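Coordinate inspection notes
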Amino acid sequence: MTDIDLADSASAASLERTRLRSHEIEREIASDPSRFRILTGDRPTGRLHIGHYFGSLANRVRLQDLGVESFLVVADYQVIYDRDGVGEIQDNVLNALADYLAIGIDPARTTIFTHSSVPALNQLVLPFLSLVSDSELRRNPTVKDELESSGRPMTGLMLTFPVHQAADILFCRANLVPVGKDQLPHIEQTRVIARRFDERYGRANPAEPVFPQPDALLSAVPLLLGMDGTKMSKSKGNTIELGMDADTTARLIRKAVTDPDRHITFDPVGRPEVSNLVLLAALCLDRDPTAVADELGDAGGGGLKKLVTEAVNERFAPVRARRAELLADPGALRQVLRDGNERANAVAEATLDDVRTAMSMVY
Ligand code: TRP
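Everything quoted here is computed from the prediction, not taken from an experiment.

What counts as what
- Counting from 1, residues in each chain are numbered in the order their sequence is written.
- Owing to the predicted nature of the model, reporting of local features is limited to residues with pLDDT of at least 70; listing and counting of side-chain atom pairs is limited to 80 or more, with chain, interface and lining totals taken over all residues.
- To obtain the side-chain values, all non-hydrogen atoms of the structure were used and water was disregarded.
- The nearness test applies per residue and asks whether one of its heavy atoms lies within 4 Å of the molecule or strand.
- Polar contact is the term for a pair of N or O atoms within 3.5 Å; when the atoms are in protein, one must be able to donate a hydrogen and the other to accept it, and sequence-neighboring residues count only if both atoms are side-chain atoms.
- For the purposes of this entry, the term helix denotes a DSSP run of H or I that reaches at least four residues, the term strand denotes a run of E that reaches at least two, and both are numbered from the N terminus.
- Only Asp, Glu, Lys and Arg are considered charged in this grouping, and only Ala, Val, Leu, Ile, Met, Phe, Trp, Tyr, Cys and Pro are considered nonpolar; every other residue, Gly among them, is considered polar.
- Residue ranges for the domains trace back to a domain assignment, done automatically or taken from a database.
- The criterion used for residue contact is that any of the two residues' heavy atoms lie within 4.5 Å.
- We define buried area as the total accessible area lost by two parts upon association, computed with a 1.4 Å probe and summed across both.
- Classification of residues uses two cut-offs on accessible area relative to the type maximum, computed with a 1.4 Å probe and protein chains only: under 20% is buried, over 50% is exposed, and between them is partly exposed.
- What makes a nonpolar core is a set of buried Ala, Val, Leu, Ile, Met, Phe, Trp, Tyr and Cys residues whose side-chain atoms join them at distances within 4.5 Å.
- Stacked, tilted and edge-to-face are the three classes assigned to paired rings of Phe, Tyr and Trp, where Trp is represented by its six-membered ring and a pair needs centres within 6.5 Å; plane angles under 30 degrees give stacked, over 60 edge-to-face, the rest tilted.
- Asp and Glu are treated as the negative residues and Lys and Arg as the positive ones, with His and the ends of the chain left uncounted.
- By salt bridge we mean one thing: a side-chain nitrogen of Lys or Arg within 4 Å of a carboxyl oxygen of Asp or Glu.

With that out of the way, let us pick up the site of the ligand. Leu39, Gly41, Arg43, Ala75, Gln78, Phe161, Gln165, Asp168, Ile169 and Gln183 make up every residue found near the ligand. Note that a nitrogen atom of the ligand is positioned 2.7 Å from one of the side-chain N or O atoms of aspartate 168. A distance of 3.4 Å is found between a nitrogen atom of the ligand and a side-chain nitrogen or oxygen belonging to glutamine 183. At the level of elements, β1 (37–42) and α9 (161–170) are the ones that each hand at least two residues to the shell around the ligand. Here the shell around the ligand takes 4 residues from α9, the largest share from any one element. Of the residues that constitute the shell around the ligand, the class distribution is 4 nonpolar, 4 polar and 2 charged.

Structurally, the chain comprises domain 1 (20–223 + 339–358) and domain 2 (243–327). The C-alpha centroid of domain 2 is placed 32 Å from the C-alpha centroid of domain 1. Taken together, the 12 residues of domain 1 in the interface contact 12 residues of domain 2. Roughly 1100 Å² is buried in total at the junction of domain 1 and domain 2, and carbon and sulfur atoms are behind 74% of that figure.

What follows concerns α9. When you tally the buried positions in α9, you get 10 out of 10 residues, the bulk of the element. Along α9, the residues classified as buried are Phe161, Pro162, Val163, His164, Gln165, Ala166, Ala167, Asp168, Ile169 and Leu170.

So, about the nonpolar core. Ranked by internal contacts, the top residues of the largest apolar core, which has 53 residues, are Phe54, Tyr100, Ile240, Leu280 and Phe316. Counting residues per element, the ones that place at least two in this core are α2 (50–65), β2 (69–74), α3 (89–103), α11 (246–254), α12 (272–285), α13 (289–296), α14 (300–327) and α15 (330–358). Residue contributions to this core peak at 10 residues, all from α3. Of the domains in this structure, domain 1 (20–223 + 339–358) and domain 2 (243–327) are the two that each give at least three residues to this core. Leaving out residues up to four positions away in the same chain, isoleucine 240 has contacts with His49, Ile50, Met227, Thr249, Leu252, Ile253, Leu280, Val312 and Arg320. Core analysis: the next-biggest nonpolar cluster, separate from the first, contains 41 residues, Leu39, Phe71, Val179 and Leu352 among them.

With that out of the way, let us pick up the environment of glutamine 335. As for its placement among the helices and strands, glutamine 335 is situated in helix α15. Judged by its relative accessible area of 34%, glutamine 335 falls in the partly exposed class. Engagement of the side chain of glutamine 335 in a polar contact is seen with the side chain of arginine 338, the distance being 2.8 Å.

With that out of the way, let us pick up the packing of aromatic side chains. Scanning the model with the defined rule gives 10 aromatic pairs in all. Plain terms: the ring middles of phenylalanine 54 and phenylalanine 316 are 6.0 Å apart, the flat faces sit at 75° to each other, and that makes the pair edge-to-face. Taken together, the residues phenylalanine 54 in helix α2 and phenylalanine 316 in helix α14 connect sequence positions 262 residues apart. For the pair phenylalanine 54 and phenylalanine 316, a shared accessibility class is recorded, and that class is buried. Grouping aromatic residues by their ring pairs yields a cluster made of Phe128, Phe197, Tyr201 and Phe211.

As a further point, take unusual backbone geometry. A positive phi is found at arginine 173, a non-glycine position, where the angle reads about 55°. Assignment of secondary structure puts arginine 173 in the loop between α9 and β4 (176–178). The partly exposed category is assigned to arginine 173, whose relative accessible area is 26%. Phi angles above zero are rare outside glycine, and serine 360 is one such case at about 55°. For serine 360, the position within the fold is in the segment after α15. Using a relative accessible area of 59% as the deciding quantity, one classes serine 360 as exposed.

Position of aspartate 168 among the secondary structure elements: in helix α9. For the buried aspartate 168, no salt bridge is present, and the opposite-charge side chain at shortest range is arginine 43, 9.5 Å distant. There is a polar contact of 2.7 Å between the side chain of aspartate 168 and the side chain of histidine 115. In this structure, aspartate 168 is in contact with Leu39, Gln78, His115 and Leu121, ignoring residues within four places of it in sequence.

Below is the structure:
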């Protein structure tokens, strides 16, 4: 085996362990949701789309509704880690808020806050930075990938991104972070920071660590591609945004890539574009993709697109109506954020107090 094979099989094994642990955690949540606190987050770099919805937003609502207390960071400071400038930040934040509320995130159970509004959270970054090495940060595969796709030179913010994310998670002592595979290195770095903090400054009783070591929660989420059959991404313009109207949605789906075979099947490897559309319809209809494909039979690309358009527009009609209502009253949306920020600040200040106490910095 080469070094690369070894590294691959080590990471495959650790992925498998995380999967097994995630199943166990799902069972624990079902029996006692009060043992968990979740943190999730998005960078407000654009509009949220159906890939975000089926890939993670719906799962957050599910976990919230199971009774797990949740925090949701709108990671505005982190917008600038891979680009110059903040873009349409005000608009993006307000739209993200409307999307969250419209899909069922409940501010009474999920604290929604903006990163830049919580100074005590950001202050955790300083002691945390002392707990990581330069080579550890440079090795982080997610940072490496994102550096490459940013097409820019490394900045201090990008290099230390995993440490910022550790502060996002640990400020509220979240012990569970629902994420996709690509975020696992950051969760591992967070666990290392939590452990090292306690080794260095921990309380006398190891049963009461200052910080928990959070678990990643990997869920079996479907991978939706964009309408051109490549990775769905806002920068490629191949997404269907949650807030798009029915006509725009229809136009995008009409342009979607298919293939000449009129017989519709669900075969993600052999026919990725057609299968992606089948999957999208199935997700919207809460049905099995193979059954959806069988029913379409020889309907061809046109029949498939007709079904997908109806399914997406029907599924998201209530969400779209609700978000339009919410956006009609930006004052009320801002109040939701102010309340979330107030709560996040209280939690962050309490944690920072504990950190200063642990570090003997109370004067
Ligand atoms: N890094 C995440 C992303 O790019 C966003 C994020 C910021 C986040 N802070 C977080 C995710 C903390 C989980 C936990 O989508």
